[in-house]
Amino acid sequence: MRIEARSTASGWACTGCGNRSSRVHSSYLRFPADAPSGGLRVVLCLRVRRFACPVASCPRRTFRKRVLLA
């Protein structure tokens, strides 16, 4: 079984300076863990977006939205 998930947030605050950005720099796939469920192998496929910081003087040019899995 494969479960695909992605964040629906339109933007996020930069982890360097705190300014909000909605400009997506890129995205990538993460596979946090394989976990069995009911005897089936479950693969979690999570798409994570990287945002570009809008502040030129910020030391972080890009940052990702932190995704917490419970």
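That block above? That's the structure.
Residues numbered from 1 in each chain as written. Predicted model: local features only at pLDDT ≥ 70, side-chain atom pairs only at ≥ 80, totals over all residues. Heavy atoms only, no water.

## Concerning the overall build of the protein chain
Counting its secondary structure elements, the protein chain contains zero helices and seven strands. Along the protein chain, helices and strands appear, N-terminal first, in the series β-β-β-β-β-β-β. The burial tally for the protein chain puts 23% of its 70 residues in the buried class. Within the protein chain, residue pairs in contact and separated by at least 24 positions form 52% of the contacts whose partners lie at least 6 positions apart. (Helix = DSSP H or I, 4+ residues; strand = E, 2+ residues; numbered from the N terminus. Buried < 20%, exposed > 50% of the residue type's maximum accessible area, 1.4 Å probe, protein only. Contact = heavy atoms within 4.5 Å.)

## With respect to the side chain of T62
Along the chain, T62 falls in strand β7 (residues 62-64). Side-chain polar atoms of T62 contact the side chain of R50, separated by 2.9 Å. Other than its neighbours up to four places away in sequence, T62 contacts H25, R50, F51 and A52. (Polar contact = N/O pair within 3.5 Å; in protein donor to acceptor, adjacent residues only side chain to side chain.)

## So, the pairing of strand β6 (residues 40-52)
With five bridges connecting them, strand β1 (residues 2-6) and β6 associate as parallel partners. Across the sheet, residue R2 finds its bridge partner in β6, namely V43. Sheet topology places strand β4 (residues 24-30) next to β6; six bridges connect them, and they run antiparallel. Note that in β6 the partner of Y28 across the bridge is V48. Across three bridges, β6 lies against β7 in antiparallel orientation. If you follow A52 over to β7, its bridge partner there is T62. (Pairing = 2+ DSSP bridges.)

## Some words on a positive patch on the surface
On the surface, R30, R60, R64 and R66 cluster together to form a positively charged patch. As for its placement among the helices and strands, R60 is situated in the loop between β6 and β7. Residue R60 is classed as partly exposed on the basis of its relative accessible area of 39%. (Patch = residues over 30% accessible without salt bridge, like charges linked within 9 Å, V, L, I, M, F, W, Y side chains within 5 Å. Areas by Shrake-Rupley, 256 points an atom, 1.4 Å probe, with all protein chains shown as cover. Salt bridge = Lys/Arg side-chain N within 4 Å of Asp/Glu carboxyl O. Lys, Arg positive; Asp, Glu negative; His and termini not counted. Charge placed at Lys NZ, Arg CZ, Asp CG, Glu CD.)

## Observations regarding the state of the cysteines
Defined simply, a disulfide is a covalent bond joining two cysteines at their sulfur atoms. Scanning the model with the defined rule gives zero disulfides in all. Left unpaired, C53 is separated from the closest cysteine sulfur, that of C17, by 3.6 Å. On the accessibility criterion, C53 (10% relative accessible area) is buried. With no disulfide of its own, C58 lies closest to C14 among cysteine sulfurs, the gap being 3.7 Å. (Disulfide = S-S within 2.5 Å.)

Geometry only, nothing functional implied.
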